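# A structural walkthrough
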Amino acid sequence: MAGHIPPTLVGVTMVEPITSPQHFVPPTARELRSQAVHRLQVGLFGLCAMLLIVGLANIINDRTRLIDTTDPIQQVVAVDAKPKKTASDPLADIGVVPAADPSPTPAPTPEATDVETSGTAVQ
């Protein structure tokens, strides 16, 4: 099969099969220059595209910063809003895990034995 030459169609010209080895033909100076110019164009186009994307992102970031700081209605809404209740941890409430902020320990009270040893009587 490898040495079999396919038949040609009547009235249709086909590419002739390769029967002898093909030798490498180095690219000409014109082809090399054309490739270099194409690479340069692609690189410059990519650099310009990235510059435009970064510039656009910077403009969007600046505009959002301006909108956030100059909106006085948000301050009025924040004053009128109801206070939010603190987040609770249901697992800590039922005692499965320790609480994130433990309750403060009560201050020690003087015991009756300390009073009796000092020599004063409690009445």
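Quantities reported herein were computed from a predicted structural model and do not represent experimental measurements.

What counts as what
- Residues numbered from 1 in each chain as written.
- Predicted model: local features only at pLDDT ≥ 70, side-chain atom pairs only at ≥ 80, totals over all residues.
- Heavy atoms only, no water.
- Helix = DSSP H or I, 4+ residues; strand = E, 2+ residues; numbered from the N terminus.
- Buried < 20%, exposed > 50% of the residue type's maximum accessible area, 1.4 Å probe, protein only.
- Areas by Shrake-Rupley, 256 points an atom, 1.4 Å probe, with all protein chains shown as cover.
- Patch = residues over 30% accessible without salt bridge, like charges linked within 9 Å, V, L, I, M, F, W, Y side chains within 5 Å.
- Salt bridge = Lys/Arg side-chain N within 4 Å of Asp/Glu carboxyl O.
- pLDDT = per-residue confidence, 0-100.

With that settled, the discussion passes to the overall build of the chain. Helix and strand counts for the chain stand at four helices and zero strands. By residue count, 1% of the 123 residues in the chain fall in the buried class. Here the chain has roughly 12500 Å² of accessible surface; of this, 65% comes from carbon and sulfur atoms.

This part is about a nonpolar patch on the surface. A cluster of nonpolar side chains, namely L91, I94, V96 and V97, defines an oily patch on the protein surface of about 370 Å² accessible area. You can see L91 is positioned in helix 3 (residues 90-94). Classification of L91 as partly exposed rests on a relative accessible area of 43%.

Right, let's talk about the confidence of the model for the chain for a bit. In the predicted model, the chain carries a mean pLDDT of 76, and the fraction of residues at 70 or more is 54%. When mean pLDDT is taken per element in the chain, helix 1 (residues 29-69) scores highest with 94 and helix 4 (residues 112-117) scores lowest with 55.

Okay, the pattern of salt bridges next. Applying the stated criterion across every chain, the model contains one salt bridge. D62 serves as the salt-bridge partner of R65, at 3.6 Å between the closest nitrogen and oxygen. Taken together, the residues span about one helical turn, with R65 and D62 both in helix 1 at a distance of three residues.

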